Amino acid sequence: MYFWKIEKLKEDIRTNQLTEKDRFIYALIYLVLGAIGLEAMMLIPLEDGNIWDLVSSVANVLIVTLGTLYAFKANGSNGGSDFLGKYFSIGFVVAIRFLVYAIPLFVLLFIYYFYAFGEEEEIPTNYIDVIPYLIWYIAMYWRIYVHIKQVNS
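Conventions adopted
- Residues numbered from 1 in each chain as written.
- Predicted model: local features only at pLDDT ≥ 70, side-chain atom pairs only at ≥ 80, totals over all residues.
- Heavy atoms only, no water.
- Phe/Tyr/Trp six-rings, centres within 6.5 Å; stacked < 30°, edge-to-face > 60°.
- Helix = DSSP H or I, 4+ residues; strand = E, 2+ residues; numbered from the N terminus.
- Contact = heavy atoms within 4.5 Å.
- Expected span 1.5 Å × (residues − 1).
- Buried < 20%, exposed > 50% of the residue type's maximum accessible area, 1.4 Å probe, protein only.
- Polar contact = N/O pair within 3.5 Å; in protein donor to acceptor, adjacent residues only side chain to side chain.
- Core = buried A, V, L, I, M, F, W, Y, C linked by side-chain atoms within 4.5 Å.

A short note on the packing of aromatic side chains
Here the structure, examined in full by the defined rule, presents 17 aromatic pairs. An aromatic cluster of three or more residues is present, and its members are Phe98, Tyr101, Tyr133, Trp136, Tyr137 and Tyr141.

A short note on the side chain of Ser56
Summarising the element assignment, Ser56 is placed in helix 3 (residues 51–74). The residues touching Ser56, leaving out its near neighbours within four places in the chain, are Val130 and Leu134.

Structural notes on the environment of Val58
Along the chain, Val58 turns up in helix 3. C-alpha separation for the pair Val58 and Ile36, spaced 22 residues apart in sequence, amounts to 8.5 Å.

A word on helix 5 (residues 127–151)
Counted at 1.5 Å a residue, the expected span for helix 5 with its 25 residues is 36 Å, and the 36 Å between its end C-alpha atoms agrees. All of the buried residues in helix 5 are Val130, Leu134, Trp136, Tyr137, Met140, Tyr141, Ile144, Tyr145, Val146 and Ile148. Packed against the buried residues of helix 5 are helix 3 and helix 4 (83–117). With a side-chain oxygen positioned 2.7 Å from the backbone nitrogen of Ile128, the residue opening helix 5 is Asn126.

With respect to unusual backbone geometry
Positive phi is not limited to glycine here, since Asn16 has a value of about 60°. Mapped onto the fold, Asn16 is located in the loop between helix 1 (6–14) and helix 2 (20–43). By relative accessible area, Asn16 is classed as exposed at 62%.

Overview of the nonpolar core
Ranked by internal contacts, the top residues of the largest apolar core, which has 27 residues, are Phe83, Tyr87, Tyr137, Met140, Tyr141, Ile144 and Ile148. If you list the elements that add at least two residues to this core, you get helix 2, helix 3, helix 4 and helix 5. Take this core: its biggest share by element is 10 residues, from helix 5. Not counting the four nearest positions on each side in its chain, Met140 is found in contact with Val94, Ala95 and Phe98.

So far we have only geometry, and geometry alone does not tell us how the molecule works.
Now the structure itself:
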């Protein structure tokens, strides 16, 4: 694995020396660092953050990490082929499908917040908006896993 030597990495790619596991590790690190960065940006400016903000952020990073690891295993781990092609293409279609499920969830949460809090400016994060979202996110990664496994069987 290369962290700085781009020319050596390009040579390995050109000569087909980059294994499926190498590609997976690069993708996993890229995705996890992206998730950590996004969550850090969400947490840092919070002055009135609470435990549910932290739970949501940690869970999001864990879901991306574990979901990607399980998808790689469903593809046959290092013995599999074209993990990234399957992961990103199947993941894209699954994400689009899951957006359809997210719309009613967001509408229900909007209705709840409107009636529970009125027009308050700051609404604290709580289990009602964190847990359904995390279940939705886990289910999305589960479906990616299932579809990749089906492609390989």
